[in-house]
Each structure stands twice: as structure tokens, then as C-alpha cells.
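# Commentary on secondary and tertiary structure
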Amino acid sequence: MKNLPTQVPTDIWVTASWEEYIEIVSNSLYEKGKCYYHDGQLRIEMAPVGYDHSSDNTVITLTVSLFGIAKNIPLTGLINCSYRQQGKRECQPDLSYYLGERAQVIPYGTKIVSLNQYPPPDLAIEVGDSSLEDDLNRKKQLYQELQVSEYWVVDVEKAKLLAFSVSQEDTPEITQSRILPELETSLLEEALRRSRTSNQTEVGTWLMQQFQGK
């Protein structure tokens, strides 16, 4: 799209060149937005993040972090971190994780993570409230092309977690993580359900009981 306006429609995919995308996301209008670029199109998500989305985001972070602690798995979790493959793709997942030997692969002080220099995260997670349909379709393709190992989508309305093992060939749905061994999607979903009626300290206590019992 030539002569792309400074202010573009948000929460939808809009055709644009990479150069136009960089110019637009550098605009202060979008500094609080989540920015994506894929297959010649940009998407800037500016919809307000509500309580339900924020709560589920925290519960998933709590679950993965406690699991890593209980199982002694080195990990680094990142919230809304931007990953950029220069000239081709960019994403900003709600949550992402580097695991094991790669837990500290990104040096402190890095702004946007250049995927031309560093590896993609092992796990990317999108919390789907207003963006669920896109999370399960276009973004799944984007994360497959970025070669993350696993991709999770949280369905906020249904308190459901959809997990996918990612390879260049396909993205089959899984019920147990392959990069966090023994962590089942059913447990993550139970944590989400419990958070509807219990505070996060109570949910965390229950989680530790589950992890220490295995």
C-alpha cells in the first residue's frame, strides 16, 4: 500500500511494505500497541486489555514459573517482548519463554530481539480474548515460520488452553508439553478455572501441591 496514512486501522491486518511498517510502529500513537508483521501485512492491536485477559496472563505465567522452579528447569519468561526478523516478520506475544541452556541467551539491555542475531523463543503464548480467531490462525502460521518449538493459545472465555507442537511441516495440537515434560494442558486449564473463584495465592499453593506430588 503506497502512501499509507500515518494513522492506520488497528486490530486488523493491513497491507504494507516492511519500510511502511517500521515507520508506522515508530509513531508514538502506537507505542502501547502490540505489533505484528507477516506476509506483507501489519497488525497493531490497540484494544484495551481487560481484567480477564490480564488475570489469565498472570495465571499462565505463575503456572509455568512454578513448574520450572519445582522441576529445576532453567527458564526466562518475557511479557510482550518484540521479536523481529528484519525485512520479513515481527511478533509480540503476550508471553514467551527461553528454556534450558537458552534461558539466558538474550543479554540484558536488549530492546527488540533480533531473530537475525538470536534464536526465537522456545515457547510463545497468546492470550485470546478479542483476538482469539486470529491467534488460532494467522498468528499460528507466523510463529511456525519463526520456528518456535511450541505455541499456546489461551481461550479466555472458555478457560481453555490450546497447545501446538511446532515444526516446519505442521503444528499438531498436543495435550502435554514436549518442552516442559509432564506439564499437561488439563492442569493449566484447571489453574485457569480455579482463578475464577480463588485468588492467585490459593491457585499457586494448589499448583505447588500438584508439581511436588509428581
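Throughout what follows, the structure given in this document is the object of discussion. (Residues numbered from 1 in each chain as written. Predicted model: local features only at pLDDT ≥ 70, side-chain atom pairs only at ≥ 80, totals over all residues. Heavy atoms only, no water.)

## Here we look at the overall build of the protein
Along the backbone of the protein there are 6 helices and 12 strands. Relative to the 2.2 N^0.38 estimate, which gives 17 Å for 214 residues, the radius of gyration of the protein is 17 Å and therefore close to what a compact globule would have. When the backbone C-alpha atoms are referred to their principal axes, the protein occupies close to 60 × 35 × 35 Å. The proportion of buried residues among the 214 residues of the protein is 50%. Separation between the mean location of the 20 positive side-chain charges and that of the 30 negative ones in the protein comes to 2 Å. (Helix = DSSP H or I, 4+ residues; strand = E, 2+ residues; numbered from the N terminus. Rg over C-alpha atoms; globule rule 2.2 N^0.38 Å. Buried < 20%, exposed > 50% of the residue type's maximum accessible area, 1.4 Å probe, protein only. Lys, Arg positive; Asp, Glu negative; His and termini not counted. Charge placed at Lys NZ, Arg CZ, Asp CG, Glu CD.)

## Looking at the nonpolar core
Ranked by internal contacts, the top residues of the largest apolar core, which has 29 residues, are Ile 60, Ile 125, Trp 152, Leu 180, Leu 183 and Leu 207. Counting only elements with at least two residues in this core, the list comes to α2 (51-70), β7 (95-99), β9 (123-128), β10 (150-155), β11 (160-165), α5 (185-194) and α6 (200-212). The dominant element in this core, judged by the number of residues it contributes, is α2, at 5 residues. Those residues in contact with Ile 125 that lie beyond four places of it in its chain are Ile 60, Pro 93, Asp 94, Leu 95, Tyr 97, Trp 152 and Val 154. Ranked by size, the runner-up nonpolar core spans 21 residues in total, among them Leu 132, Val 148, Tyr 151 and Phe 164. (Core = buried A, V, L, I, M, F, W, Y, C linked by side-chain atoms within 4.5 Å. Contact = heavy atoms within 4.5 Å.)

## Regarding the sheet that holds β7
Reading across the sheet, the 6 strands line up as β4-β7-β9-β10-β11-β12 and stay open at both edges, with mixed pairing between neighbours. Two strands bound the open sheet, and with one partner strand each, they are β4 (75-79) and β12 (173-174). Note that β4 and β7 share 5 bridges and pair antiparallel. Within the sheet, the bridge partner assigned to Leu 78 lies in β7 and is Ser 96. Across the sheet, α2 lies against β4, β7, β9, β10 and β11, angled at about 10° from β7, the strand it touches most. Strands in contact with α5 are β10, β11 and β12; relative to β11, the strand with the most contacts, it is inclined by about 150°. (Pairing = 2+ DSSP bridges. Axes fitted to C-alpha atoms, helices over the stretch in contact; angles between N-to-C directions.)

## Things to note about the packing of aromatic side chains
Evaluated as defined, the whole model comprises 7 aromatic pairs. Taking 5.2 Å as the distance between ring centres and 80° as the angle between the ring planes, the aromatic pair formed by Trp 18 and Tyr 37 counts as edge-to-face. Within this pair, whereas Trp 18 is found in helix α1 (residues 18-25), its partner Tyr 37 is found in strand β2 (residues 34-38), the two being separated by 19 residues in sequence. Accessibility expressed as a relative area gives 7% for Trp 18, which makes it buried. Judged by relative accessible area, which is 5%, Tyr 37 ranks as buried. (Phe/Tyr/Trp six-rings, centres within 6.5 Å; stacked < 30°, edge-to-face > 60°.)

## Side note on α1
Every buried residue belonging to α1 is among Trp 18, Glu 20, Tyr 21, Ile 24 and Val 25, and all of these are buried. One side of α1 holds all its buried residues, which, seen down the axis, span an arc of 160°. More than 90 degrees from the buried face of α1, the exposed residues found are Glu 19 and Glu 23. Those residues of α1 that are buried lie in contact with β2, β3 (41-45), β5 (83-85) and β6 (89-91). (Arc of directions from axis to C-beta.)

## Structural notes on unusual backbone geometry
Backbone geometry at Asp 11 places phi at a positive 65°, although glycine is not the residue there. By the element assignment, Asp 11 lies in the segment before β1 (13-15). Even without being a glycine, Asn 72 presents a positive backbone phi close to 55°.

## Structural notes on the pattern of salt bridges
This model, assessed by the stated rule, comprises 14 salt bridges. For Arg 43, the salt bridge identified is with Glu 45, shortest N-O distance 2.8 Å. Per residue, the accessibility class of Arg 43 equals that of Glu 45, and both read buried. Members of the salt-bridge network, linked through shared partners, are Arg 43, Glu 45, Asp 134, Asp 135 and Lys 139. (Salt bridge = Lys/Arg side-chain N within 4 Å of Asp/Glu carboxyl O.)

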